Amino acid sequence: SSGINAEYGVLAVCLLFYPFVLLAAADNGGSYSCGSLMGDGHFCLDYSNRLLVKPPSGSNITSILNLSGNKIPAVTSSTFSDQLLLVKLNLSHNEITTIDGGALWRLSLLNEIQLGNNRYACDTRICSFRTWLNSNSK
């Protein structure tokens, strides 16, 4: 053991290679829990509880994205168009009423999605999401 806490080691890597993560963390009072390179090689961003109405763009290397506790109203075909490497996605505790299944078909690496505590509209707009869900259930 090197005697250095692994969390601080990861933070040091972020300082060298991903300074924008630290700037974003500073804007949020430093409350990021996930803005770092993960030990398994995944890049993780935590944008939880920021009152966002859409995900931030420009994070196309992200594989784990936490958007819980925001005000996102819908997931459309363009919502994650620049985040094709997503493996895990947390959209719980938003204001999502509909999810376009086409938005998720592009995320071929996605193996975990959290969608609880949203305000889904039970109408035909959610049919494509149901099809996606049935096709990707494990």
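Numbers given to residues run from 1 along each chain, matching the order in which its sequence is written. Owing to the predicted nature of the model, reporting of local features is limited to residues with pLDDT of at least 70; listing and counting of side-chain atom pairs is limited to 80 or more, with chain, interface and lining totals taken over all residues. Excluding hydrogens and water, the side-chain values take into account all heavy atoms of the structure.

**A look at the overall build of the chain**
- Runs of E in the DSSP output that reach at least two residues are strands. Runs of H or I that reach at least four are helices, and both are numbered from the N terminus. Looking only at helices and strands, one finds 4 helices and 7 strands in the chain.
- Going from the N terminus to the C terminus, the chain shows its helices and strands as α-α-β-β-β-β-β-β-α-β-α.
- Counting only residues that meet the buried cut, the chain has 37% of its 138 residues in that class.
- Pairs of residues are marked as contacts when any of their non-hydrogen atoms sit within 4.5 Å. Considering only residue pairs separated by 6 or more positions, the chain has 41% of its internal contacts joining residues 24 or more positions apart.
- The protein chains shown are the only cover counted for residues, whose accessible areas, like all others here, come from Shrake-Rupley with a 1.4 Å probe. For the chain, the exposed surface amounts to about 8000 Å²; the carbon and sulfur share of it is 56%. Residue exposure (1.4 Å probe, protein chains only): buried if accessible area is under 20% of the type maximum, exposed if over 50%, otherwise partly exposed.

**Looking at the pairing of strand β2 (residues 43-46)**
- On β2, burial covers both faces: Phe 43 and Leu 45 on one face and Cys 44 and Asp 46 on the other are all buried.
- If DSSP finds at least two bridges between two strands, the strands pair. Direction of pairing for β2 relative to strand β3 (residues 64-66): parallel, over a ladder of 3 bridges. When the sheet's bridge partners are listed, Cys 44 is paired in β3 with Ile 64.

**What about the environment of Phe 129?**
- Checked against the element boundaries, Phe 129 lands in helix α4 (residues 127-136).
- Classification of Phe 129 by relative accessible area gives buried; the value is 9%.
- Distance from Phe 129 to Ala 103, taken between C-alpha atoms, is 8.7 Å for residues 26 residues apart in sequence.
- Excluding anything up to four places from it in sequence, Phe 129 contacts Ile 99, Gly 101, Leu 104 and Leu 115.

Keep in mind these numbers describe shape, not what the thing actually does.
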